Amino acid sequence: MKNWLSVYEGRRRTAAQALEAVQSGHRVFVHMGAAAPLPLLDALCGHADRLQDVEVLHCITIGNAPYTDPCYCGKFRHNALFVSGNTRCAVQQGRGDYIPVFLHEIEGLFTSGILPLDVALIQCTPPDRFGFMSLGTGIDISLTAARQARHLIVQVNPRLPRTCGDTMLHVEECHAIVEATHELPEFLQGDVTPAHRAIAAHVSALIPDGATLQIGVGGIPEAVLASLANHKHLGIHTEMFSDGIIPLFESGVITNDRKSLHPHKAVTSFVLGTRAIYDYIDNNPVFEFLTNRYTNDPYVIAQNDRMVAVNAALEVDLSGQVCSDSIGSLPFSGVGGQVDFIRGAARSKGGVPIIALPATAKNGALTRIVPRLKPGAGVVTSRADVHWVVTEFGAVNLHGRNLRQRAEALIGIADPKFQSELQREAAVLFQRS
């Protein structure tokens, strides 16, 4: 191995110099989550005058996404593997695109050549004494993207936490290195509502002691984690988590000691949250960061006994079909890891796959338990995959139930003010003579 310090110095560039590598027609991958290298994205836009038809590809990111501004039409076009809040407007207005894909299969798009990558923009910690840099808050699909891209640009930021697991790139793997010190963007969970807490009470009742949890981010996951204070010997195998797990580690509820796979380790691929969670994972060997093609492989997930997967939905129809990535035909989020974990938990010994959602939307004006999904809505989780469905009004298990029984069960956990209407619709849909 060469003297990495001399390699590092020889590859240092300003952001503007590094982004000269991007050419018209290139596909540019961006490190996802809180690790999106924001100064490099600004520098990319600084080259807009000389560029045409550059595709910017990534999953969820937080922070600015300046390349989606209408002023860059024809220069940059975002291609979303998961639609996030900072790019949703562009995708819904037709200035960006959306690829429905299972999270555990995305890396295969890079390695197979279906989505070859010209340039990868990755954020890392400063190198250690051996020249290795950690990808920090997430390796997700980004580590594989970094190694598949023809040209790798790394932004080195000392504010990025150094994480454990398969998180390292070596200085010699980089083509250009840009130093930039800035605070990471934070992901705020939003308010935890009374409905969220009621849902969490039903979910927590389904979680046995010794369970391994997959739980995401947002109001319902935060409420569920807050409801688990009296549980024991819980473990973590998830694609992502946020600040809500910290009290459960500190109180000894999460111990990871009963896990059948990776005991004593909390397995994840990325985190979204505030500085508190970024500091908590910094050099913390309890957390094992692994890529999504592993963490989200249903076969791997199923090896965790008592695997409990908690996932969200926008709508569930009376047959059990789950829409969680679109509002009608408008892309809203993504397929993500929902089906990966629902299927993995279903195959786990003692596993519990859960879809959790508030019973209504628009301040109670619309029911989320619906006779039919909106026209154009995407079915993310099929009715054959669905087991438990939970709202603030209760929890029902659809597995093994026929269509009429499913409709009856789901109507029972809908908001009472919509139940009569749903019963009339169900009579037409499922009780034909």
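The preceding data block contains the structure.
Cut-offs and rules
Residues numbered from 1 in each chain as written. Predicted model: local features only at pLDDT ≥ 70, side-chain atom pairs only at ≥ 80, totals over all residues. Heavy atoms only, no water. Salt bridge = Lys/Arg side-chain N within 4 Å of Asp/Glu carboxyl O. Helix = DSSP H or I, 4+ residues; strand = E, 2+ residues; numbered from the N terminus. Buried < 20%, exposed > 50% of the residue type's maximum accessible area, 1.4 Å probe, protein only. Pairing = 2+ DSSP bridges. Axes fitted to C-alpha atoms, helices over the stretch in contact; angles between N-to-C directions. Parallel < 35°, antiparallel > 145°, perpendicular 65-115°, else oblique. Left-handed = near helix turned anticlockwise from the far one by under 90°. Contact = heavy atoms within 4.5 Å. Core = buried A, V, L, I, M, F, W, Y, C linked by side-chain atoms within 4.5 Å.

Chemist: Is there a simple way to think about the pattern of salt bridges in this case?
Modeler: It is possible for side chains of opposite charge to pair when their charged atoms get near one another. Counted by the stated rule, this structure contains 14 salt bridges. Among the ionic pairs, aspartate 97 bridges to arginine 77, the shortest N-O distance being 2.6 Å. Remark: arginine 77 occurs in strand β3 (residues 76–80) and aspartate 97 occurs in strand β4 (residues 96–98); sequence separation between them is 20 residues. Connected via shared salt-bridge partners are Arg159, Glu183, Arg275 and Asp279.

Chemist: Explain the pairing of strand β7 (residues 151–156) here, please?
Modeler: Side-chain direction in a regular strand flips from residue to residue, so the side chains alternate between the two faces of the sheet. Counted residue by residue, β7 has 5 buried out of 6 residues, so it is predominantly covered. For strand β5 (residues 119–124) and β7, the ladder comprises 6 bridges, and the chain directions are parallel. Along β7, the bridge assignment pairs leucine 121 with isoleucine 153. With 4 bridges connecting them, β7 and strand β9 (residues 176–179) associate as parallel partners. What sits directly across from valine 154, in β9, is isoleucine 177.

Chemist: Quick question: what am I supposed to make of the packing of helix α7 (residues 194–205) against helix α8 (residues 219–226) here?
Modeler: For any two helices packed against each other, the geometry is given by the interaxial angle and the distance between the axes. Look at α7 against α8: their axes get within 8 Å of each other, and the N-to-C directions meet at 55°. Regarding the angle of α7 to α8, the classification is oblique. Every pair of crossing elements has a handedness; the one defined by α7 and α8 is right-handed. Here α7 contributes His196, Arg197, Ile199, Ala200 and Val203 to the contact with α8, which in turn contributes Gly219, Ile220, Ala223 and Val224.

Chemist: I tried to follow the nonpolar core on my own but got confused; where do I start?
Modeler: Proteins that are soluble and globular tend to have nonpolar side chains buried together. Grouped together as the largest cluster of nonpolar side chains are 78 residues, with contacts concentrated most on Phe110 and Ile122. Considering every element that reaches this core, the biggest residue donor is α8, with 4 residues.

Chemist: Would you mind going over the sheet that holds strand β11 (residues 235–236) with me for this structure?
Modeler: Backbone-to-backbone hydrogen bonds pair the strands of a sheet. The strands run either parallel or antiparallel. If you walk across this open sheet you meet the 6 strands as β11-β10-β16-β21-β25-β26, and the pairing is mixed. Each edge of the sheet is formed by a strand with only one pairing partner; in this case those strands are β11 and β26 (394–397). Of the strands in this sheet, β16 (307–312), β21 (352–356), β25 (388–391) and β26 touch α7, which is tilted by about 150° from β25. Sheet strands in contact with helix α13 (residues 338–347) are β10 (212–214), β16 and β21, and its direction is about 150° off that of β16.

Chemist: Sorry if this is basic, but what is going on with the environment of glutamine 423 here?
Modeler: Within the secondary structure, glutamine 423 is located in helix α15 (residues 416–430). Considered as a pair, glutamine 423 and phenylalanine 82 are 341 residues apart in the sequence and their alpha carbons are 35 Å apart.

Chemist: Just checking my understanding: could you explain the sheet that holds β3 for this structure?
Modeler: One open sheet accounts for 7 strands, arranged β4-β3-β2-β1-β5-β7-β9; its pairing is parallel. Every interior strand has two partners, whereas the edge strands, β4 and β9, have only one. Across this sheet, the average inter-strand angle for adjacent strands is 20°, counted without regard to direction. Along the sheet, helix α3 (residues 38–46) makes contact with β1 (27–30), β2 (54–58), β3, β5, β7 and β9, crossing β7 at roughly 125°.

Read these as geometric descriptors, not functional statements.
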